[in-house]
Amino acid sequence: MKRIIFVAAGVVFLALLGLTFLGQPSDQQLIKEALEDAVKASRDGRPGGVLDNLSGSLQYNGDDVLDRGAIADYVKRAKPDITIVSPTPVIRGDRAIISSAVDVTMRVGPASVPMHIDQVEITLARESGVRFGLLPTKVWRIRSVTAKSVPASSLGY
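Residues numbered from 1 in each chain as written. Predicted model: local features only at pLDDT ≥ 70, side-chain atom pairs only at ≥ 80, totals over all residues. Heavy atoms only, no water.

Enquirer: Which residues make up the side chain of Asp-27, and what values do they have?
Expert: Counting through the fold element by element, Asp-27 comes out in helix 2 (residues 27-44). On the accessibility criterion, Asp-27 (18% relative accessible area) is buried. If near-sequence neighbours (up to four positions away) are discounted, Asp-27 is found in contact with Ile-91, Arg-126, Lys-138 and Trp-140. (Helix = DSSP H or I, 4+ residues; strand = E, 2+ residues; numbered from the N terminus. Buried < 20%, exposed > 50% of the residue type's maximum accessible area, 1.4 Å probe, protein only. Contact = heavy atoms within 4.5 Å.)

Enquirer: Break down helix 4 (residues 68-78) for me, with residues and values.
Expert: Taken together, the buried positions of helix 4 are occupied by Ala-70, Ile-71, Ala-72, Tyr-74, Val-75 and Ala-78. Residues of helix 4 that are buried sit in contact with helix 2, helix 3 (47-51), strand 1 (54-60) and strand 5 (95-108). For helix 4, the N-terminal capping position is held by Asp-67, with its side-chain oxygen 3.2 Å away from the main-chain nitrogen of Gly-69. Of the residues trailing helix 4, Lys-79 is marked for its positive phi of about 40 degrees. (Polar contact = N/O pair within 3.5 Å; in protein donor to acceptor, adjacent residues only side chain to side chain.)

Enquirer: Would you mind going over the environment of Met-115 in detail, with residue names and values included?
Expert: Mapped onto the elements, Met-115 comes out in strand 6 (residues 111-131). Residue classification places Met-115 among the partly exposed residues on the basis of a relative accessible area of 22%. Through-space distance from the C-alpha of Met-115 to that of Val-104 is 5.1 Å; in sequence the pair is 11 residues apart. Excluding residues that lie within four positions of it along the chain, Met-115 makes contacts with Val-102, Asp-103, Val-104, Met-106 and Val-150.

Enquirer: So what's going on with the pattern of salt bridges? Residues and values would help.
Expert: Tallying each qualifying case throughout the model produces nine salt bridges. A salt bridge links Arg-43 to Asp-81, with the nearest nitrogen and oxygen atoms 3.0 Å apart. Placement of Arg-43 in helix 2 and of Asp-81 in strand 3 (residues 81-84) is noted, with a sequence separation of 38 residues between them. Take Arg-43: its relative accessible area is 36%, and that puts it in the partly exposed class. Overall, the relative accessible area of 30% leaves Asp-81 in the partly exposed class. In this structure, the salt-bridge partner of Arg-126 is Asp-94, at a minimum N-O distance of 2.7 Å. Linking Arg-126 in strand 6 with Asp-94 in the loop between strand 4 (90-92) and strand 5, this pair joins segments that are 32 residues apart in sequence. (Salt bridge = Lys/Arg side-chain N within 4 Å of Asp/Glu carboxyl O.)

Next comes the structure, spelled out in structure tokens:
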């Protein structure tokens with residue numbers, strides 16, 4: 001009986017390992033999914049979904065963003081609806097850069113405030129993650145956002 005359990009566990013492990021390496025989407029697809037997940041979570045006011053797609057070493061306009069709690073509060077409060085006009089990344093190794101205009105609509109009390117930002121640079125980095133709770137995989141997370149025309153104080157964090 002023990003032998004059957006060990007063989008079954010081995011087969012499941014090998015199947016998961018195969019799925020990890022053979023079933024991995026392209027970098028382009030992983031980046032697209034990360035951005036879509038973050039944008040949808042932001043629009044829904046779910047900070048956890050946004051924070052999952054942000055690097056632990058996130059920067060905004062060159063400054064380190066250390067207070068992830070402030071980002072979570074902002075997402076819950078403003079529920080920003082973000083549209084990246086041209087979300088096509090330029091991938092170079094473990095980095096990807098998206099240069100695009102961005103439209104943002106934030107909630108301020110009962111009102112919605114639209115904002116158009118002409119030049120935004122979003123840098124993503126390939127980082128290690130886990131799949132199925134135990135297998136290593138690659139994930140793309142937002143490492144930095146540069147929007148010189150919008151100071152962080154105007155965003156509420």
